[in-house]
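# Reading the structure
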Amino acid sequence: MKTLEIPTFECETGNYHTFCPISCVAWLYQKIEDSFFLVVGTKTRGYFLQSAPGVTIFAEPRYAMAESEEGDISAQLNDQKELERICLRVKNDRNPSVIIWIGTCTTEIIKMDLEGIAPKLEKQLGIPIVVARANGLDYAFTQGEDTALAAMTHRCPESNHRITDQEEVNTAKVILVDTAPNNNLFGQKNKLTKCNLVLFGSLPSSVASQLNLESRRQSVSVSGWLPSQKYADLPALGKGVYVCGVNPFLSRTATTLMRRRRCQLIGAPFPIGPDGTRAWIEKICSAFDLKPEGLEERESRIWKSLSDYLEILTGKSIFFMGDNLLEISLARFLIRCGMVVYEVGIPYMDRRYQAAELLLLQRTCEKMKKPMPRIVEKPDNYSQVQRMHELQPDLAITGMAHANPLEARNIDTKWSVEFTFAQIHGFVNARDALELVTRPLRRKGDSIPGCRNLSKQTVNV
Ligand code: SF4
């Protein structure tokens, strides 16, 4: 994959607000139905886990804390024995198909050998134990999912895709079989190219099926998802398997898939916004040597249906403080909607994994005749607030820590965390994404003159 040189990258101090990456358990336990997540660390994480996922804690979630005590930290207690006791209880109470240990800052600092203990206990208890180091020392928020998925790639079965050297040259062109039962569903097409395509990234099942359907429309069948709904259904990986990410924060998973499982990565922009979704599908089609059909019309139809929101957004300016790594894709989508993006803060920027997305961002700026935003890696929130005072953007995408203070200083805000949980992928969800962005702008008209409404973030029910 080519690395793209964009001169406007900057790097600051990394003094910014974000969620701890262990928060990924809140959505991953719901996605992988037969899993159990065990967060190993001190009380701080317990408090965080109790407050961040809200009411779900009352629904007997399949996650828990293995709370370290004085004795654990000073090594008076035996780590393996303690974990064995807890995992045995989890096994008896919940009988999960897999236990995922989430390492935290504490386990890093006291050098608890989770990777060493896991295989021993796995044998003893007869239940797979996956270790993911989702700690706040190394990662931010959504990267927690990245560490968990990267750890899971090692548990995927080996694909038995056997091809000769000659075939390997034409891998993409090979296999035309599997005529779909209701093959006139999508018009003239009646063949489904049986591709070894695995998509990675955790999305709600409805969104995952929508993306499956999009690729089916192009005659590409998706052979599996990482993560799968059930641990037992993890997709087969190996040589000859193509993989494509649906989220920009999965660079570690992508690297592991390529280097350790010898999969072929399709480097594509991410399916966020109609422009991103089209580019994403086109890239997949090109990997399999297929000509995409009807995508252009489909994209323009979606844009037309968004016209009421585009009217609100055109010409408005926006500032991303940066905390969840979705920023580049969202900025690109919003520039295409006619907005001016002043700054894109981002916790971590993998230029190789995001190369196609960055290229699309650059092209979108050229097309829309908008300036290229300043991209700030590891931002410094204090300096960002100063810059915001100067620039006075119409909207700031920010965490909860800064939202109300900025509102009180006359800058409209949108909570960044909502983009992580809302359904924003694919053609059909473009409207939902814009619904989120435009909400504070639409409410501007509703507020009483001279009185800032600090509860603008309240979600409509
Ligand atoms: S960032 Fe580290 S110290 Fe903070 S809650 Fe997460 S794991 Fe614990």
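All values derive from a computational prediction rather than experimental measurement. (Residues numbered from 1 in each chain as written. Predicted model: local features only at pLDDT ≥ 70, side-chain atom pairs only at ≥ 80, totals over all residues. Heavy atoms only, no water.)

What follows deals with helix H7 (residues 143-153). With 11 of its 11 residues buried, H7 lies for the most part within the structure. Regarding H7, the residues found buried are Gln143, Gly144, Glu145, Asp146, Thr147, Ala148, Leu149, Ala150, Ala151, Met152 and Thr153. Among the structural elements, helix H1 (24-31), strand E4 (98-103), strand E5 (129-133), strand E9 (224-226) and helix H10 (251-259) are those in contact with the buried residues of H7. (Buried < 20%, exposed > 50% of the residue type's maximum accessible area, 1.4 Å probe, protein only. Helix = DSSP H or I, 4+ residues; strand = E, 2+ residues; numbered from the N terminus. Contact = heavy atoms within 4.5 Å.)

Taken together, Cys20, Arg45, Thr104, Cys105 and Gly136 form the complete shell of residues around the ligand. When grouped by side-chain class, the residues that make up the shell around the ligand number 2 nonpolar, 2 polar and 1 charged. (Near = heavy atom within 4 Å. Nonpolar A, V, L, I, M, F, W, Y, C, P; charged D, E, K, R; others polar.)

Another point: the pattern of salt bridges. Tallied over the full model, the rule gives 23 salt bridges. Residue Glu435 is joined to Arg439 by a salt bridge in which the shortest nitrogen-to-oxygen separation is 3.6 Å. Placement of both Glu435 and Arg439 in helix H19 (residues 430-443) is noted, with a separation of 4 residues, approximately one turn of the helix. The class of Glu435 is partly exposed, set by a relative accessible area of 21%. (Salt bridge = Lys/Arg side-chain N within 4 Å of Asp/Glu carboxyl O.)

So, on to the packing of helix H4 (residues 79-94) against helix H6 (residues 114-125). The contact between H4 and H6 brings their axes to 10 Å, and the two run at 45 degrees. In terms of their interaxial angle, H4 and H6 are classed as oblique. Here the hand of the crossing between H4 and H6 comes out right-handed. Packed against H4, whose contacting residues are Asp79, Gln80, Leu83, Glu84, Cys87, Leu88 and Lys91, the element H6 presents Leu114, Ile117, Lys120, Leu121, Gln124 and Leu125 at the interface. A breakdown of the residues in the contact of H4 with H6 according to their chemical character gives 7 nonpolar, 2 polar and 4 charged. (Axes fitted to C-alpha atoms, helices over the stretch in contact; angles between N-to-C directions. Parallel < 35°, antiparallel > 145°, perpendicular 65-115°, else oblique. Left-handed = near helix turned anticlockwise from the far one by under 90°.)

Turning our attention to the packing of H1 against H7. In the contact formed by H1 and H7, the axes pass within 9 Å of each other and the chain directions differ by 45 degrees. The orientation of H1 with respect to H7, classified from their angle, is oblique. Taken as a pair, H1 and H7 cross one another with a handedness that is right-handed. On the side of H1, the interface is formed by Cys24, Trp27 and Leu28, while H7 contributes Gly144, Glu145 and Ala148. Class assignment for the residues of the contact of H1 with H7 results in 4 nonpolar, 1 polar and 1 charged.

What follows covers the environment of Gly338. With respect to the helices and strands, the residue Gly338 is situated in the loop between helix H14 (327-336) and strand E13 (340-346). Placed 23 residues apart in sequence, Gly338 and Gly315 show a C-alpha to C-alpha distance of 5.9 Å. Apart from the residues lying within four places of it in its own chain, the contact partners of Gly338 are Leu313, Thr314, Gly315, Lys316, Met368 and Lys370.

Moving on to the side chain of Glu327. Along the polypeptide, Glu327 turns up in helix H14. For the buried Glu327, no salt bridge is present, and the opposite-charge side chain at shortest range is Arg332, 12 Å distant. Once residues lying within four places of it in the same chain are set aside, the contact partners of Glu327 are Phe320, Gly322, Val344, Gly345, Ile346 and Pro347. (Lys, Arg positive; Asp, Glu negative; His and termini not counted.)

Turning to the sheet that holds E5, a few remarks are in order. With parallel pairing, 4 strands are arranged side by side in an open sheet as E3-E2-E4-E5. Across the chains shown, the open sheet's two edge strands, defined by having one partner strand only, are strand E3 (63-67) and E5. Averaged over all pairs of adjacent strands, the angle between their axes in this sheet comes to 25 degrees, without regard to strand direction. Note that strand E2 (residues 35-41) and E3 share 5 bridges and pair parallel. For Val39, the partnering residue across the bridge sits in E3 and is Met65. Sitting on the sheet, H1 touches E2, E3 and E4, and the angle it makes with E2 is about 160 degrees. (Pairing = 2+ DSSP bridges.)

A word on the environment of Thr398. By the element assignment, Thr398 lies in strand E15 (residues 395-398). Looking at Thr398, the relative accessible area reads 1%, which means it is buried. Between the C-alpha atoms of Thr398 and Met321, which are 77 residues apart in sequence, the distance is 5.4 Å.

Read from one edge of the open sheet, 4 strands run E9-E8-E10-E11, paired in parallel fashion. Strands with a single pairing partner mark the edges of an open sheet, and in this sheet they are E9 and strand E11 (264-265). As judged from the 3 bridges shared by strand E8 (residues 197-200) and E9, these two strands associate in the parallel manner. In the strand pairing of E9, Val198 is matched with Gly224. Lying on the sheet, H10 is in contact with E8, E9, strand E10 (242-245) and E11; it crosses E8 at an angle near 150 degrees.

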